[in-house]
Each structure stands twice: as structure tokens, then as C-alpha cells.
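As a plain string of letters, each chain reads:
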Amino acid sequence: MKGLKTVYICSECEYESMKWLGKCPKCNSWNSFVEDVIDLSPAPAKKLSASMAAASGASATHFSELDFPEYIRSSTGISELDRVLGGGLVTGSVVLLSGEPGIGKSTLLLQICDCLGESKKVLYVSGEESSGQLKLRAKRLQVIGSSLYILTETNIENILEQAAKIKPDVIIVDSVQTMYSDKINSSPGSVSNVKEVAMAFINKAKTEDISIILVGHINKEGSIAGPKVLEHMVDAVLSFEGDKRQSYRIIRANKNRFGSTNEIGVFEMTDTGLREIVNPSEMLLADRPSDASGNCAVCTLEGTRPIVAEIQALVTPASSPAPRRTSNGIDYNRTYLILAVLEKRLGLRFSANDVYMNVIGGLQINEPASDLAIALALISSLTDKVIPDDLIAIGELGLAGECRGVACIEQRIKEAARIGFTRALIPHGNLTGNLSVKGIELIPVKNVYDLLLYVKKQ
Ligand SMILES: Nc1ncnc2c1ncn2[C@@H]1O[C@H](COP(=O)(O)OP(=O)(O)O)[C@@H](O)[C@H]1O
Ligand SMILES: [Mg+2]
Ligand SMILES: [Zn+2]
């Protein structure tokens, strides 16, 4: 083991330390240090840079002579996934699919093998499951796999050797954390192994025009276990989200060199695999309670798609001197801010109460346009006045308690009207002369006083 040194590397920012540390001094992450072995002899460094040699020796071209790129895209057979990818899987691209264990990454990737296989040869490399397990799953998912090759292997050198024989058009690597390279002395999943393995696959993709999908597990904090640099190296990062106790799943593009990062795909996990959900609003509202205080519907935009969801608040007398605040599906800071505005501007006594917030169906709402619905749900629970089931609230709140206009208001109202809402509270500023949607009454709101008055009238 001469020339080898054991170090500890932060898997978030690659800070290196001789000792294990609980907290990273550079990026402040907790428990992010993993043991790694680095080779002090100069050879591996050269090998690493050699893998990037394709880029060196290039000559400059005048801008006017550059061609527009022509992306060749293949449909995965799942239109929700195609949309998130920007219109299908791009030939020669490297996509990282990340998600918690058990969320459905392997299921989704096996499901797309048949459709991709219509025009392409697919190699599925599994470092996590045996070929028998994969065969069983494929049967359950009704995947025929006429152009599908399965390889259960974790050594990257062997995988590349097999790939050279099979000559696939698409390689699925499940997962990048189980793979290792002979060139690296540390264990699979370590920062240096994950980087080396990813680099080798990226090189393969770029030199031979192969599409590669890397599966990456994420840790509890939501970041990809392994270095963040992985996200910089690939062309697209898709994240697979959802509450494992519930059946719906969302795929989001966090990065995409070949398309927008605004799109999401919505799925439901069934025993025959992931099923696309074309109208997520209906599904999210399926279990909404009626005639209960503390509930209010909102229409948020996920990318270009309006989605109606129900926000719930439960306000109860505080059980301890320090009142509890929990928030599920809504950013804590947003909840705190709205509580503070309501307390200050309307004199409502939330500080003497515990407050629990939730979004039905497990959707994560990150948009200020949901402020009005959050505020209404809070006021409704505190005053025990029911918000009507056919009412939706859309709008952002400012610190002075004013209601601000939001983007794409008409699109949101239309979606609400489509699924049967008949009244919408909207920002005063959004109510221009020609805004009207059939079947839904528009009620302008200037500030939180208007909100309180509206609730009191119920
Ligand atoms: N026999 C089965 N019947 C129905 N659903 C199953 C079955 N086996 C697994 N699943 C579902 O598939 C999920 C596992 O998905 P998987 O694709 O293996 O996740 P990942 O690859 O992200 O770890 C389980 O959480 C479960 O919901
Ligand atoms: Mg898996
Ligand atoms: Zn760090």
C-alpha cells in the first residue's frame, strides 16, 4: 500500500481532511465525510486527464461557420418522461436520474426498454439486482425486452469491455454508486470512484454517440450521495420525487442541456409499474375533505402546467410555551412569513397556537402564488370557519399584507374552472378588464383585510 493515503472527503464539496469530521468546514454539511484512498504516485492523475484528451488538440472555428446542433431524440414510450427530457432521449447524452431508494428508478428504466428497443439496442447494467430479479420484474412490468441485454457487473473496465462487444445504443447504469474502477483504490460509492466511473461513461457516450442513463441514489438531505460535481459533469439531471407511502411520483429536470428545466412528469406507482398521470389535479383533489375548516385549494404552476392542490392548516392552542410549527409540502420560511404578516396586520394570535401545515397528496409547493391559500387555510382553522369547497385562492402576499399579482393567472383559473371550481379569489392587480373565465366568479383581493372579511362572511 505504498503511495496510498487514506483521507476523508466531503461528498458535497470535495473538501479533503486527514480526519473524519462531523461537519464540513467549507460547506457546513453534516455527516458528509466519506473515507477515500488516494494514490500519491503521479500515474493515475495522468490517466484521468487522458480520458479528457478527446477535447485537447481541437482547433478554433469561426462562429459563422458553426453548424446548428441536430439533436436526435428517441421516445422512451412514456410521454411524461419524454417531456421532462425536452422531447425524448438525446443520442449521445448522459442523464443522471436521482432519487431515494425504493422510489421507482429501476422500475421506470426497465419500463422504457421496450420502446427504446424498437430502434435501439439497450444494455442494462445492474449492480444492485440479480438477473433473475430483473427478469421477474420485467415480467411484472410486461417488458418483453427483444433488444435488451442485461449485465450484472460493477467493475467499469469489465462493463466497457462487454459494451464494446454488444455495441449498444443506450446504456443504463443502475446505480453509479455501486460501480468501481480498478484505477481507484477506495470502495464503490466513494467520491473518487463515483467521479471516475461517471467520467468513463461520459467519455463513452461522447466518443461513440451512446445515450447513457446513470442512476444515482440520494441521501436524506436530498443531494446525490457522492460528489456534487457529478451534477456538473452530466448533460441532464432528473430527480424522482414523491412520498413512498403514497403512490404518486414526480420527475423534475433540475438541469437539462437539451431542454427546459420547467417541466415535470407525474406518475402513479401501480403493481404493473409506473403509470402516467395526464391530469394531476384530479388525483391530488381525490381525497380532499369537505366542510372542514383549515382547508383551501390553490392552483400552482409546475413548469408550464397548472396544478390544483389543497392546502391544510391545523391551528390548536399551544401545548408548550414554545409553540410548535410543522410544515409539510410548504417551505417553512414561507409559512413563518405568512404567520407573521397575519399576526401583525390582522392581530390574529398565532403565537399562542401550534400550527401544522400540509399539502394533500404530498405535492411540494414552492410558489409564492400559494400565499393566499396558505393564509386562508390558517385563518379558517383559527376561526373555525369553513372555506367553501368550490373556492380557490391564488395570489402572493407582501410584508405589508398587500396581495400581489401572479403570472399566468388566466391559465390557473382555467384549470380550476375545468375541474369544477366556481369562485376564485385573485389579486386585485390581476383583475384587468378582459380577464374572465366561463363558469367561475372572480373575486379581487387587495390585502389580508379583504381575506379576513371574506372568511368572516362564510
Ligand atoms: N411485486 C411488487 N408489486 C408491486 N409493486 C412493487 C413490487 N415490487 C416493488 N414494487 C414497487 O416498486 C418500488 C421499488 O421500485 P424500484 O424501481 O426498485 O426503486 P429504486 O430503483 O428507485 O430503488 C417499491 O417501493 C414498490 O412500490
Ligand atoms: Mg433500483
Ligand atoms: Zn463540504
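Residues numbered from 1 in each chain as written. Chains lettered and ligands numbered in written order. Predicted model: local features only at pLDDT ≥ 70, side-chain atom pairs only at ≥ 80, totals over all residues. Heavy atoms only, no water.

Q: What should I look at first to understand the site of ligand 1 in this one?
A: Neighbouring ligand 1 are the residues E100, P101, G102, I103, G104, K105, S106, T107, R137, R140, M269 and D271. Within the backbone of I103, a nitrogen or oxygen atom sits 3.4 Å from an oxygen atom of ligand 1. Separating an oxygen atom of ligand 1 from a backbone N or O atom of G104 is a distance of 3.0 Å. Relative to its unbound accessible surface of 570 Å², ligand 1 loses 64% to contact with the protein. Looking at the shell around ligand 1, the elements with two or more residues in it are α3 (105-111) and α5 (131-140). (Near = heavy atom within 4 Å. Polar contact = N/O pair within 3.5 Å; in protein donor to acceptor, adjacent residues only side chain to side chain. Areas by Shrake-Rupley, 256 points an atom, 1.4 Å probe, with all protein chains shown as cover. Helix = DSSP H or I, 4+ residues; strand = E, 2+ residues; numbered from the N terminus.)

Q: How do you make sense of the sheet that holds strand β3 (residues 33-39) when you look at a structure like this?
A: Sheet strands pair via backbone hydrogen bonds, and the direction of the pair is either parallel or antiparallel. Strand order in the open sheet formed by 3 strands is β2-β1-β3, with antiparallel pairing between adjacent strands. Only two strands of the sheet have a single partner each, and these edge strands are β2 (16-17) and β3. Sitting on the sheet, helix α7 (residues 191-208) touches β1 (4-10) and β3, and the angle it makes with β3 is about 65 degrees. (Pairing = 2+ DSSP bridges. Contact = heavy atoms within 4.5 Å. Axes fitted to C-alpha atoms, helices over the stretch in contact; angles between N-to-C directions.)

Q: Please clarify how the sheet that holds strand β7 (residues 122-126) should be interpreted in this entry.
A: Read from one edge to the other, the open sheet built from 9 strands follows the order β8-β7-β9-β10-β6-β11-β12-β13-β14, with strand pairing classed as mixed. Strands with a single pairing partner mark the edges of an open sheet, and in this sheet they are β8 (148-152) and β14 (273-276). Strand-to-strand twist in this sheet, taken as the mean axis angle between neighbours without regard to direction, amounts to 25 degrees. Pairing geometry for strand β12 (residues 248-256) and strand β13 (residues 264-270), over 5 bridges, is antiparallel. The residue bridging Y248 from the neighbouring strand is E268, located in β13. Relative to strand β10 (residues 211-217), α7 is tilted by about 160 degrees, and along the sheet it contacts β6 (94-99), β9 (170-174) and β10.

Q: Please explain the domain arrangement of the protein chain as it appears in this structure.
A: Along its sequence, the protein chain is carved into domain 1 (4-41), domain 2 (73-278) and domain 3 (283-457). With centres defined by C-alpha atoms, the gap from domain 2 to domain 3 works out at 38 Å. Each partner contributes to the interface: domain 2 provides 12 residues, whereas domain 3 provides 9 residues. Across the domain 2 to domain 3 interface the summed buried area is about 940 Å²; carbon plus sulfur atoms make up 50%. The largest contributions to the domain 2 side of the interface with domain 3 come from Y248, R252 and I264, which together make up 43% of the buried area. Joining domain 2 to domain 3, the criterion identifies 2 salt bridges. Here E302 makes a salt bridge to R252, at a shortest N to O gap of 2.9 Å. Taken together, the connections running from domain 2 to domain 3 amount to 4 residue pairs in polar contact (both at pLDDT 80 or more). Listing elements by their share of the side of domain 2 that touches domain 3, those giving two or more residues are α2 (79-85), β12 and β13. Ranked by residues supplied to the side of domain 2 that touches domain 3, first place goes to β12 with 3 residues. (Domains from an automatic or database assignment. Buried area = accessible area lost by both parts, 1.4 Å probe. Salt bridge = Lys/Arg side-chain N within 4 Å of Asp/Glu carboxyl O.)

Q: For this particular structure, what's the right way to read the pattern of salt bridges?
A: Opposite charge on two side chains makes pairing possible when the charged atoms of those side chains draw close. Using the criterion set out here, one finds 23 salt bridges in the structure. For K204, the salt bridge goes to E208, with nearest N and O atoms at 3.1 Å. Linking K204 with E208, this pair stays in helix α7, spanning 4 residues, or about one helical turn. In this structure, R334 engages D371 in a salt bridge whose closest nitrogen and oxygen atoms are separated by 2.6 Å. Here D371 lies in helix α11 (residues 371-383) and R334 lies in helix α10 (residues 332-346), a separation of 37 residues in the sequence. The class for R334 is partly exposed, based on a relative accessible area of 22%. A relative accessible area of 0% means that D371 is categorised as buried. (Buried < 20%, exposed > 50% of the residue type's maximum accessible area, 1.4 Å probe, protein only.)

Q: Even after reading the chapter, I still don't get the confidence of the model for the protein chain, so can you show me in this structure?
A: In regions of low pLDDT, the predicted coordinates are not meant to be interpreted in detail. Confidence in the prediction of the protein chain, expressed as mean pLDDT, is 89, and 94% of residues score 70 or more. Under a pLDDT of 50 for its full length, residues 44-53 has, in the predicted model, 6 contacts with residues more than four places off or in other chains. (pLDDT = per-residue confidence, 0-100.)

Q: Which parts of the structure should I look at to understand helix α6 (residues 156-166)?
A: Regarding α6, the residues found buried are I156, I159, A163 and I166. On an axial view of α6, the arc spanned by its buried residues comes to 85 degrees, and they lie on one face. In the core, the buried residues of α6 are packed alongside β7, β8, β9 and α7. One side-chain oxygen at the N-terminal end of α6 lies 3.0 Å from the backbone nitrogen of E157; it belongs to N155. At the C-terminal side of α6, K167 shows a positive phi close to 55 degrees. (Arc of directions from axis to C-beta.)

Q: What is the right way to look at the packing of α10 against helix α13 (residues 448-457) in this model?
A: Packed helix pairs are specified by the crossing angle of their axes together with the interaxial distance, meaning the distance between the axes. Across the interface, α10 lies against α13 with an axial gap of 10 Å and an inter-helix angle of 85 degrees. Relative to α13, α10 is oriented roughly perpendicular. Residues V341, L342, R345 and L346 of α10 pack against V448, Y449 and L452 of α13. Among the residues making up the contact of α10 with α13, the classes are represented as 6 nonpolar, no polar and 1 charged. (Parallel < 35°, antiparallel > 145°, perpendicular 65-115°, else oblique. Nonpolar A, V, L, I, M, F, W, Y, C, P; charged D, E, K, R; others polar.)

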